[in-house]
Structures are given as C-alpha cells and as structure tokens.
Amino acid sequence: MVSITVHGGAGQIGGNKILLEDRDTRIFLDFGEPFGLLDDYFVDFLSPREGRFGLRDYFHFKLMPRIKGVYDEEYLEDTDLTYVPPEFDAIFISHMHFDHSMHLRFADRNIPVYLGATANAIRRSWTETSLGKVKFGEHEFREFRTGSKIKVGSIEVEPIHVDHSTPGAYGFIVHTSEGAIAYTGDLRLHGPRGDMTEDFVARASSERPIAMICEGTRVSESDPRENMSEVDVGKRARELVSSSDKLAIVSFYPKDVDRIRTFRDVAKATGRKFVVSAKVAHMLKMLQDDEHIDAPDPMRDSSMLVYVRRMANMDRVKYEKVYAELLEKDAHVVDSDYVRKHQAELMMHTDFFQLTELIDIQPKRDSLFIRSKSEPFEEDDIQEEVLQNWVNWFGLDFRQAHASGHASMSEIFSIIDRVSPGVVIPVHTEHPELFARCKSCRSVLPRPGNAIPVGKGAV
Ligand SMILES: [Zn+2]
C-alpha cells in the first residue's frame, strides 16, 4: 500500500511537507516553512519561543502539524506531544529555498537529510552568513547528484536536476513497490537551463508514474507574474543601464546565481563593474569547487567587485571581516567611499536589509533602482512601503525586470500531459482546483494531513 499525505503545501504556495509511505518505509519530500506562517499571531519582537518551548507556541495556534515521531526531542520538551524515536526514514530536500527547507531545524536530528551537493554548499553558506539566526538542525546531511539512486527501505529515490531560481534544484522519481511517483519540486522551462527541466520531464514520462506531485505556483486565473525569460531580464537591464549616467542599483534574491551572472554580463556589456555584498561573495566562494555550477568568482572576475560595510561589530561578522581586511590591499574589495566616488561606473546589488548603505553611498538623484524580484502581491506589504519610501527619499528611478522561478500554467499543464501520470496531486499552489482543467489527467485535491492512497490501493 502506497500513500501520499500533504502535511504542508496543500492549497498554499510553499511550506511543502509531503509524506510518502510504502509499506514500512516513510520519507518526507521537503520540510519547508509556509510564507507568512506566523503573521496572524506574531509581529516584530513578538515571536515564538525557541529551545525547549520551540513547538509549544506553534502547536497552540495550529501552525504546525502534530505528527508523532518526526520532531526533535529538544523542541518537544515543553509540549503535550510526547517524544518518540524517529518513525520516519529520511527527508529529501528538492532545493534550498526557505519554503522547502526552513523547518528542518524542528525535525529529529536522527533523521538523515538528503539534498543536492550544491544545495548543501548553499545551506552551509546561509548558516554562516546569518550569524546563527538561520538553523537547519544537527542532521546528517547526505549529498546527491543527478544519476544518484538512493535506496531507503522499500523505495528508491532518483533525483533529477531541474531549472529553478536557485542552483542545486531537483525533481524526484520515487520508485515504490507499486510503481513510480514523480515530484516536481519547483521548476521552470523559460530559465537559462530549461534543458535540465526537460531531462526531468523526459525521465518522468518514461516511467509512466502512478502519481505526480506537481507544483502550481502560477496556476491561477490571473497570473500577476510577467512572462519574462532570464535573457529578457538581461536585455531590459542593459537598455536601462546603458542609457543612464548615474549609479545603477539592482535588487534581487541573493541565492539566484543565474541573476548574478545576468547582471555581471550587463555590467560587462555596459563597461561597468558589478558590486556584490560580502554575503553574496561568501556564497559564490562556496560554489567555486562545484564544477557543475558556473558561479562567477567576484575576487577574480574583471567585471566584479566585493562591497564591505562599515560596521561597529565587525569581529562578530567573520564572513565580512575576511573581505574587510583586504580593503586597500586587493582592488576587488571596495567600500561606500569608493562607490560614492565612482557611481557612473558601477552596478550595485543591494539587499533590502542592507538599504542603510545608501546613506553612506549617497546616490545622485535619478540613479537607477532595478527591482529584479516578484512584485508584491499584497497591497499592505510593509516591506514594499518601506522600500518605496527609500526610493522616494533618494529620488531614484524605479524600474522592474524579473523572470519567475516557476513555469506558467500552460507549461505546467503541458508537462502533466507529457508525463501522463495516473493521478496528479497539486501542491505549492493557491488554486489546486484549476488542475481539473488539465484534460488528460485526473487530479486529487490534497487536504492537509489526509493520506491519499495511490497505485492499486487508489479509489
Ligand atoms: Zn523554490
């Protein structure tokens, strides 16, 4: 008897926690945190308690599923869910986005976690540059690559690379005793490595899976995301930057290596240098040993520079201190004085949480600000309001250029057509009911915590 239980990611974008059971073998596909999970009950300094109170507050507001045998003893100590040794064999992480991996810290440290080698490098960099604020638990992290076959009890998991807005992203083919089950993770066809997604789709369709767990971020009556490819982002940015004689500030998610490469190329083509933060430089350094990833090295690339902040507590920020010590010794390392004096020669990556650097940089009026991430979907987005206040204060020329990390609705439906699974289980979507429009297949709407039997046991 094989079954799939969606504990997180049913009727919501993100927070995937998908349990797959085959006889006595039980694995989780992803273990993420839903976006906005805490927003109804916590704000600013009012946050859930950590340590031994860890899950007490989450359980009280029903923010986490109460599952026996999955959580770590430390986090259960002060809850009414009794700790029992792990009843799950493994957790497989499709990619290192927050909404697929952030709850690993709550999972029992004795449950091994499988993830791509590149994803593991990103995990290590993220842990280090967050100064201990971001934790993924004390698990044994076991790396895989495309072509790996991982046997766990009665099942075998085959990870296959896909293109998404972070490197080290995978879909899975899970071979069970009743046939194959495909899980898309997050994927897109319009990115620079759409061929990798094609590899996954081809492999999945050759297996004629009994079920496919499929993402549907953009499955919606009205898709607010502009249909741009990564190449389009480069073109638009190049037009904007080449017609400006001021500083060009670009804002995007720092784990998107494709976007880093795109802006590096725009800088090169417009005769500028692309300045990245020490945090981004740290991640790129971790990815240098990975021959499968074309990650630029900002300390060697002639079109890149690394920016160090002026900080009161530099000794505590080791990853930044390493670069700060090279200031004035290595021409690749610059600070706000340099950027202020060379504005027209630079493109600068600015993270939302490092906007204060603009106070030191003093960008001239009408400097470019290119937002290269999704536009906010909610009108009361407080971060957006704050960002617009900064943009107005400095008189910046605000523009948008972004390619989504997700396939469009029609692409998702064509993927399903090609894979032709026995049943589709939509996840990571606010509109699972729209999957009924995909004519060639039967979809089952997951409800949080309800097991869906697949294969021979299916109804
Ligand atoms: Zn993702």
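Residues numbered from 1 in each chain as written. Predicted model: local features only at pLDDT ≥ 70, side-chain atom pairs only at ≥ 80, totals over all residues. Heavy atoms only, no water.

### With respect to the environment of Lys-439
Heads up, the condition is: Runs of E in the DSSP output that reach at least two residues are strands. Runs of H or I that reach at least four are helices, and both are numbered from the N terminus. Relative accessibility under 20% of the residue-type maximum defines a buried residue, over 50% an exposed one, and the middle range a partly exposed one, all with a 1.4 Å probe and only protein chains included.
With respect to the element layout, Lys-439 can be found in the loop between β19 (423–427) and β20 (451–454). Here Lys-439 falls in the exposed class, since its relative accessible area comes to 78%.

### Observations regarding the coordination of the zinc ion
Six octahedral donors around a metal ideally make angles of 90 or 180 degrees; four tetrahedral donors ideally make 109.5 degrees. Definition in use: Sites may look incomplete because water is not among the atoms; the donors themselves are N, O and S atoms within 2.8 Å of the metal, or within 3.2 Å for Na, K and Ca. Square planar and octahedral assignments, for four and six donors respectively, both demand that opposite donors be over 155 degrees apart and that all other angles lie between 65 and 115; tetrahedral needs four donors with all angles between 85 and 135 degrees, and anything else is irregular.
Around the zinc ion, the protein supplies His-95 (NE2), His-97 (ND1), His-164 (NE2) and Asp-186 (OD) as donor atoms, at distances of 2.2 to 2.4 Å. Classification of the site at the zinc ion as irregular follows from its 4 donor atoms and the range of 89 to 172° in their angles at the metal. As a motif over one chain, the donors of the zinc ion read H-x1-H-x66-H-x21-D. One end of the pair, His-164, is in the loop between β8 (155–161) and β9 (170–176); the other, Asp-186, is in the loop between β10 (179–183) and α5 (194–207), with 22 residues separating them in the sequence. Its relative accessible area of 1% is what places His-164 among the buried residues.

### Concerning the sheet that holds β8
Strand-to-strand pairing in sheets goes through backbone hydrogen bonds, with the strands running parallel or antiparallel. As a reminder of what qualifies: Only when DSSP finds a minimum of two bridges between them are two strands counted as paired. As a rule, the C-alpha atoms of each element are fitted with a line to give its axis, helices using only the stretch in contact, and angles between N-to-C directions run from 0 to 180 degrees. Whether two residues touch is decided by their heavy atoms; if any such pair falls within 4.5 Å, the residues are in contact.
Taken in spatial order, the 6 strands make up an open sheet running β7-β8-β9-β10-β11-β19, and their pairing is mixed. Each having just a single partner strand, β7 (150–152) and β19 make up the two edges of the open sheet. Across this sheet, the average inter-strand angle for adjacent strands is 20°, counted without regard to direction. The strands touched by helix α13 (residues 409–419) are β11 (211–215) and β19; relative to β11, the strand with the most contacts, the crossing angle is about 165°.

### Thoughts on the nonpolar core
Stated formally: We call a set of buried Ala, Val, Leu, Ile, Met, Phe, Trp, Tyr and Cys residues a nonpolar core when their side-chain atoms join them within 4.5 Å. These domain boundaries are the output of an automatic or database domain assignment.
Counting 62 residues, the largest nonpolar core has Phe-31, Leu-55, Tyr-71, Ile-91, Phe-274 and Met-347 as its most contacted members. It is helix α7 (residues 257–269) that contributes the most residues to this core, 5 residues altogether. When residues are assigned to domains, this core turns out to be shared by domain 1 (2–221 + 405–457) and domain 2 (230–400), each giving three or more. Setting aside its immediate chain neighbours within four residues, Leu-55 contacts Met-64, Tyr-71, Tyr-75, Leu-76, Thr-79 and Phe-106. By size, the runner-up hydrophobic cluster in this structure holds 29 residues, among which are Ala-90, Ile-150, Val-152 and Val-423.

### Digging into the domain arrangement of the protein chain
The following threshold applies: Computed with a 1.4 Å rolling probe, the buried area is the accessible surface lost when two parts are put together, summed over both parts. Polar contact is the term for a pair of N or O atoms within 3.5 Å; when the atoms are in protein, one must be able to donate a hydrogen and the other to accept it, and sequence-neighboring residues count only if both atoms are side-chain atoms. Polar here means any residue outside two lists: the nonpolar Ala, Val, Leu, Ile, Met, Phe, Trp, Tyr, Cys and Pro, and the charged Asp, Glu, Lys and Arg; Gly therefore counts as polar.
Looking at the assigned domains, one finds that the protein chain contains domain 1 (2–221 + 405–457) and domain 2 (230–400). Measuring from the centre of the C-alpha atoms in domain 1 to the corresponding centre in domain 2 gives 31 Å. If you look at the interface, domain 1 gives 18 residues, while domain 2 gives 16 residues. Interface area lost by domain 1 to domain 2 is led by Thr-129, Leu-131 and Pro-167, which between them contribute 28%. Linking domain 1 with domain 2 are 5 residue pairs in polar contact (both at pLDDT 80 or more), by the criterion used here. A per-class count over the side of domain 1 that touches domain 2 returns 6 nonpolar, 7 polar and 5 charged.

### Some details on α7
Which entries qualify depends on this criterion: Expected span, for any helix, means 1.5 Å times one less than how many residues it has.
Between its terminal C-alpha atoms α7 stretches 18 Å, which fits the 18 Å expected from 13 residues at 1.5 Å a residue. Counting buried positions along α7 yields 10 of 13 residues, so the element is predominantly enclosed. Along α7, the residues classified as buried are Val-257, Asp-258, Arg-259, Ile-260, Arg-261, Thr-262, Phe-263, Arg-264, Val-266 and Ala-267. Packed against the buried residues of α7 are α6 (230–242), β12 (248–251), β13 (273–277), α8 (278–286), β14 (304–307) and β16 (346–349). Between the side-chain oxygen of the N-cap and the backbone nitrogen of Asp-258 there are 3.3 Å, and the N-cap of α7 in question is Asp-256. Following α7 by one or two positions, Gly-271 has its phi on the positive side, about 70°.

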